[in-house]
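Structural overview for review
Each chain, letter by letter, is given below.
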Amino acid sequence: MPEKAAGPEPGKGTGAIIMATPTLDEIGLIERYGPHLQYEPSGGWTDYPDSTLVKTHCCFCGVQCGIQLKVHENKVVGFEPWEEFPVNRGMLCPKGVKRYLQNDHPDRLLAPMIRTQDGFREATWDDALNRTVEAIRRIQAQYGRDAFAMLGGASMTNEKAYLIGKFARVALRTANIDYNGRLCMVSAGAANKMAFGVDRAANPWSDIPLAKAVIIAGANIGECFPILTDYVWRARDNGAKIIVIDPRMTPIARTADLFLPVRPGRDSALANGILHVMLERGWVDQEFIEAHTTGFEEVERLVSQYTPKRTEAITGVPAASIMRAAEIWGPAETSMLLHARGVEHHSKGVENCLSYINLVLASGRIGKPGCGYGTITGQGNGQGGREHGQRCNQLPGARDIENPEHRKFIADFWRIAEPDLPRTGLTSCEIFDAIEAGKIRGLLTISFNPLVSIPDADRTRAALEKLEFLGCIDFFLSETGRYADVVLAGSLQEEDEGTVTTGEGRCVKLQQSVTPPGDARVDWEILTDLAGRLDCKEYFPYAIPNDIFRELAAASKGGSADYSGMTYARIEKNMGIFWPCPSHNHPGTPRLFEDGRFHHADGRARFFGYEYRPPAEDVDSEYPIFFTTGRVVSQYLSGNQTRRIGPLVDQYPEPLCEVHPVLAAKLGITDGDIVRVQTRRGEIELPAHVVRTIRPDTVFVPYHWPGRKSANLLTNRVLDPISKIPEYKVCACRIEKVAL
Amino acid sequence: MPDREGGIVNGFDFFIDPSRCIGCKACMQACMECDTHRGRSMIHLEFVDRSVSTQTSPVVCMHCEDPACARVCPADAIKQTEDGIVHSSLKPRCIGCSNCVLACPFGVPHYVAEIDQMMKCDMCFDRTSIGKKPMCATVCPSQALYYGRAEDIERMRVETPINQFQFGQQAVRTKVRLMSTPATDQLDFDILSFMPESDNQVPDITEFAIWGT
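Residues numbered from 1 in each chain as written. Chains lettered and ligands numbered in written order. Predicted model: local features only at pLDDT ≥ 70, side-chain atom pairs only at ≥ 80, totals over all residues. Heavy atoms only, no water.

**Some thoughts on the overall build of chain B**
Note the threshold: Each helix is a run of DSSP H or I of at least 4 residues and each strand a run of E of at least 2, with the numbering of both proceeding from the N terminus. We call a residue buried when its accessible area falls under 20% of the maximum for its residue type, exposed when it is over 50%, and partly exposed in between, using a 1.4 Å probe and counting protein chains only. Contacts were defined at the residue level, with two residues in contact if any of their heavy atoms lie within 4.5 Å. Computed with the Shrake-Rupley method and a 1.4 Å probe, the accessible areas treat only the protein chains shown as cover for residues.
Per the secondary structure count, chain B includes six helices and 10 strands. The buried share among the 213 residues of chain B stands at 54%. Of the contacts formed within chain B by residues at least 6 apart in sequence, a portion of 56% connects residues at least 24 apart. With the model as given, the accessible surface of chain B reaches about 10100 Å², and the carbon-plus-sulfur share is 51%.

Right, here's the structure in full:
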């Protein structure tokens, strides 16, 4: 950055240390802060006869499996399956089995840290928090309140999601508060709200085995939500036909009754094509459509153009398979449609979701046992993390920040003046664009590693370096944390108590298994302490997490996501309660729309039809191959936790580039060769994995890794106009063998 | 019938259905965590041929009625208990010759060089001997590994359990059952088989057509 060489600038401190830039090289950072690999409990493989078992939940993914953590002397030393918890009944994926190894880890941050000329030094909480407050005050005084932004995360509890939203708006008084769920769930959320008037999976997972037809679109269930595999197989045992839509033949696709290998970025066309056949054959529920929906005529007109032949040309799915999908789905007695990021991570993510929702609404099969729809949340609290005000456009209870009634309710509830409540702020990727443009100068992050997770990582890196202040609350020093001026040592999931809301809308209770080690503190204490130092103590009077829960439940009353009837005791006793739960004697709502009413004011669901439009960056002669990204089963998100767990790293140690043998042969690539993958934004070099399970016009790289093998060096930071999700799932690349 | 026999819950059997396996390795990761395994998995997972398919197969000991591994062991280190469990090698006896590794028709035993001993699955004796389910089958997300009653699995699933295998001249009966898929003619794994023929080639970069516009 040119400013770096120019020496101190106004507001850049003394000049001795350049703000928000690492002062230790990567090797030094890794030596000190990892990732180091932990293979066994810190006390070694011994019996822990005095250990206790704590019934809680896994910290990875939106299924939130029940698990019992084995605790010995305030350390988590192992686990036992929790077979009584009804969702997973003891089942766990490898991440769940090994999640205990993140505890008492050598990389754990044990005290707050302040960056020095050669790395970081440990600091007192007073020093670290006061510096943070000084930076906030200085930046906001100089550039305005919105020049200081906050980024939260959807792996944290509902309590923290609520607290972060309130902290940002009441203590920081910034509009620019958003979260990493912006990279995950927002297309589905926006589409759900548009179609159904509520943002939640419509059905509990237990409806999957009751379905006779299941469409799984863009959801690598076997690797990303492994526990749901058993639900899908049980559906098949009960006679269901399984349809999988994916450009890769994932483990769940391998034995599907019908596999539609969609070309990346063509989902809305495919859904339109299937609906076309359903209409042609009369497989729509006219009675339901007339009684419970609006907007069908327009969709009907639109999809009339999507003949199987034309749809085949757009999507790369054979016309016969499109017709077969309609034959399975159309007349089915019961059905569930599930989708995930493969459909949602697009610059038309909302359009894709709504196009698939049309298949559900046209069938009339929703709100009944075995009938409905669900979008599978990827993050630990992907559902709850978006409901309590952590998003730049929402207030607690999944309220709308621009709705005057909603604003007044929350302003009164928080005892602030309505005009003082910030309005819609920037979304996660836009915050980085604004840093680039010099509009945002300071940033506080918690549980978010944007350097690995936001597309176009070289730009993210430059933006971080441009910040005048970066504060990070985290338990391990993430790749983003290396750029921090102040690191606040926070808490792992097992070190705090609270609630999370799973992908099916079930709010479950996390127990505190251990207390934070060393001088580290639980996250909510750090935030309330900061709020106090920002002279807002009276607004954050919490002594225990339950104080925050009671407040968030009351704040949600009358909102779309109503938790007001929930208490910790009720949630624990029932092994989770589904919202809405508006009173203390309300049992919760596992299945939405059972009364035939959708949550729009008129009670009707909405059809939305969209003409197919190509991805923001389609292939061309210069970059002729589709580039797509996703997960592997043994890693979670940006890997800040799972890249430190030895047995998980061993399972899939580094990113590989999946290439079909047809493409590989054309380019002279054999399995294991190092290939260079280039897009207009960058290039990475990594080993090729030559497999027949990916379309030959597409390559795939998993995204969990940082540095020069990071898939997000290549991805395209172009956003869906409604949800502002970036287009992770399709851009244009070229690939060549690296001459050695 | 007694509720238990040799510690194993009576009437509970172990079933493997590779057609359900998603290759996640939760079974192996969990096996490492079993009380006495100390970070070593006694089972493994085979990718049948990853270049062709994601098909995987979890490999746990089949616990043969007449175990070839024990029969060929020159040191009599592999014991079968009355409940039919074929145990891992006995440390004081195993001479690390790997006869068992070569003899097993299912490819189960592994020779572990660091301890010069064969180790293998003992149907989670640590857990089953105290009435718990084996760790691998408890956690398995796809229930490709299932531990329970035969009548239950036969009622729930379309596949049928078999426990007789023919290896050339040798017939083998096992305690563990393999689920056999009914009349599946053939599963196609190459993604090209699912695509339109016109689409099966990568277009020439020089004559590139932009799809679908």
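**Some remarks on the overall build of chain A**
Going by this rule: Just to be clear, the radius of gyration here is over C-alpha atoms, and the globule rule we use is 2.2 Å times residues to the power 0.38.
In terms of helices and strands, chain A carries 24 helices and 30 strands. The globule rule puts the C-alpha radius of gyration for 740 residues at 27 Å, and the 25 Å found for chain A is close to it. For chain A, the C-alpha atoms occupy an extent of roughly 70 × 70 × 55 Å along the three principal directions. Considering only intrachain contacts with a sequence separation of at least 6, the fraction spanning at least 24 residues in chain A is 75%. Just so you have it, chain A exposes about 21900 Å², and 51% of that area is on carbon and sulfur atoms.

**As for the interface of chain B and chain A**
For the record, the criterion: By convention, the term buried area covers the 1.4 Å-probe accessible surface removed from two parts as they join, with the contributions of both added. Basic side-chain nitrogens of Lys or Arg form a salt bridge, by our definition, when they fall within 4 Å of a carboxyl oxygen of Asp or Glu. We define a polar contact as two N or O atoms separated by no more than 3.5 Å, with the added condition that, inside protein, one atom must be a possible hydrogen donor and the other a possible acceptor, whereas residues neighbouring each other in sequence contribute only through side-chain atom pairs. In this classification, Asp, Glu, Lys and Arg are treated as charged, Ala, Val, Leu, Ile, Met, Phe, Trp, Tyr, Cys and Pro as nonpolar, and every other residue, Gly included, as polar.
Taken together, the contact between chain B and chain A spans 56 residues of the former and 64 residues of the latter. Regarding the contact of chain B and chain A, the summed buried area is about 5000 Å², with carbon and sulfur atoms giving 59% of it. The tally of links between chain B and chain A comes to seven salt bridges. Linking chain B with chain A are 21 residue pairs in polar contact (both at pLDDT 80 or more), by the criterion used here. Mapped onto the side of chain B that touches chain A, the elements with two or more residues apiece are helix H1 (26–32) and helix H5 (135–139) of chain B. At four residues, H1 of chain B tops the list of elements feeding residues into the side of chain B that touches chain A. The class makeup of the residues in the side of chain B that touches chain A is 27 nonpolar, 15 polar and 14 charged.

**Let's talk about the environment of Pro615 of chain A**
Residue and element names in this part refer to chain A. By the element assignment, Pro615 lies in the loop between strand E22 (605–606) and strand E23 (625–630). Assessed through its relative accessible area of 5%, Pro615 is described here as buried. Spatially, the C-alpha atom of Pro615 lies 9.6 Å from that of Ala732, the residues being 117 residues apart in sequence. Look past the residues within four positions of Pro615 in its chain and what remains in contact with it is Gly265, Arg266, Ser347, Lys348, Glu727 and Val730.

**Structural notes on the sheet that holds strand E17 (residues 469–474) of chain A**
Residues and elements named next belong to chain A. The condition is simple: Note: two strands are recorded as paired if DSSP finds a minimum of 2 bridges between them. Convention adopted: a line fitted to C-alpha atoms gives each axis, helices being fitted over their contacting stretch, and angles between N-to-C directions are expressed from 0 to 180 degrees.
In spatial order, the strands read E5-E4-E18-E17-E16-E6-E7; together these seven strands make up an open sheet with mixed pairing. Of all the strands in the sheet, the pair left with one neighbour each is strand E5 (119–122) and strand E7 (177–179). When the angles between neighbouring strand axes are averaged without regard to direction, this sheet yields 20 degrees. Sheet topology places strand E4 (residues 113–116) next to E5; four bridges connect them, and they run antiparallel. In the strand pairing of E5, Arg115 is matched with Phe120. Seen against the sheet, helix H5 (residues 158–172) touches strand E6 (148–152), E7 and strand E16 (442–446) and runs at an angle of roughly 170 degrees to E6.

**Digging into the environment of Thr174 of chain A**
Residues and elements named next belong to chain A. Mapped onto the elements of the fold, Thr174 is located in the loop between H5 and E7. Residues Thr174 and Leu69, spaced 105 residues apart in sequence, show a C-alpha to C-alpha distance of 38 Å. If near-sequence neighbours (up to four positions away) are discounted, Thr174 is found in contact with Gln140, Arg145, Asp146, Phe148, Ala149, Ala168, Arg169 and Pro422.

**Here we look at helix H17 (residues 428–436) of chain A**
Residue and element names in this part refer to chain A. Where burial is concerned, most of H17 is hidden: seven out of the nine residues are buried. Listed as buried for H17 are Ser428, Cys429, Glu430, Ile431, Phe432, Ala434 and Ile435. A positive backbone phi angle near 80 degrees is found at Gly438, which sits one or two residues after H17.

**Re the pairing of strand E26 (residues 683–690) of chain A**
Residue and element names in this part refer to chain A. Where burial is concerned, most of E26 is hidden: six out of the eight residues are buried. Where strand E24 (residues 657–659) meets E26, three bridges bridge the pair, whose relative direction is parallel. Along E26, the bridge assignment pairs Glu658 with His689. Across five bridges, the pairing between strand E25 (residues 674–678) and E26 is antiparallel. Bridge pairing links Ile674 to Pro687 in E26. Two successive antiparallel strands, E25 and E26, enclose a turn made up of four residues.

**Topic: the packing of H5 of chain A against helix H20 (residues 523–533) of chain A**
All names here are of chain A. Rules: Orientation categories follow fixed angle ranges, with anything under 35 degrees roughly parallel, anything over 145 roughly antiparallel, 65 to 115 roughly perpendicular, and all other angles oblique. Put simply, a crossing is left-handed when the front helix is turned counterclockwise from the back one by less than a right angle, and right-handed when it is turned clockwise.
Where H5 meets H20, the axes come as close as 10 Å, and the angle between the chain directions of the two elements is 15 degrees. The orientation of H5 with respect to H20, classified from their angle, is roughly parallel. The hand of the H5/H20 crossing is left-handed. Packed against H5, whose contacting residues are Lys160, Leu163, Ile164, Phe167 and Ala171, the element H20 presents Asp523, Trp524, Leu527, Thr528, Leu530 and Ala531 at the interface. Tallied by class, residues from the contact of H5 with H20 come to eight nonpolar, one polar and two charged.

**Observations regarding a negative patch on the surface**
Residues and elements named next belong to chain A. Test applied: Patch members must show over 30% relative accessible area and no salt bridge, and they are joined within 9 Å when carrying like charges or within 5 Å when they are nonpolar side chains of Val, Leu, Ile, Met, Phe, Trp or Tyr. Here Asp and Glu are counted as negative and Lys and Arg as positive; His is not counted, and neither are the chain ends. Charged side chains are reduced to one point each, which is NZ for Lys, CZ for Arg, CG for Asp and CD for Glu.
The grouping of Glu287, Glu290, Glu297, Glu298 and Glu300 at the surface amounts to a negative patch. At the level of elements, helix H10 (286–292) and helix H11 (296–303) are the ones that each hand at least two residues to the negative patch. Broken down by element, the negative patch gets its largest block of residues, three residues, from H11. Its location among the elements puts Glu287 in helix H10. Owing to a relative accessible area of 67%, Glu287 belongs among the exposed residues under this scheme.

**Structural notes on the confidence of the model for chain A**
Detailed reading of the predicted coordinates is not advisable wherever pLDDT falls low. Our working definition: The predictor attaches a confidence to each residue, called pLDDT, with possible values from 0 through 100.
Taken residue by residue, chain A gives an average pLDDT of 96. The fraction at 70 or more is 98%. Contacts for the low-pLDDT stretch residues 1–15 of chain A, under 50 throughout, to residues beyond four places or in other chains number 23 contacts.

**Some details on the sheet that holds strand E8 (residues 145–149) of chain B**
Residue and element names in this part refer to chain B. Read from one edge of the open sheet, four strands run E8-E3-E10-E9, paired in mixed fashion. In this open sheet, the two strands that pair with only one neighbour each are E8 and strand E9 (160–167). The mean inter-strand angle of the sheet, taken between neighbouring strand axes irrespective of direction, is 45 degrees. In this structure, strand E3 (residues 12–16) lies alongside E8, joined through five bridges in antiparallel fashion. By the bridge assignment for E8, Phe12 is matched with Arg149.

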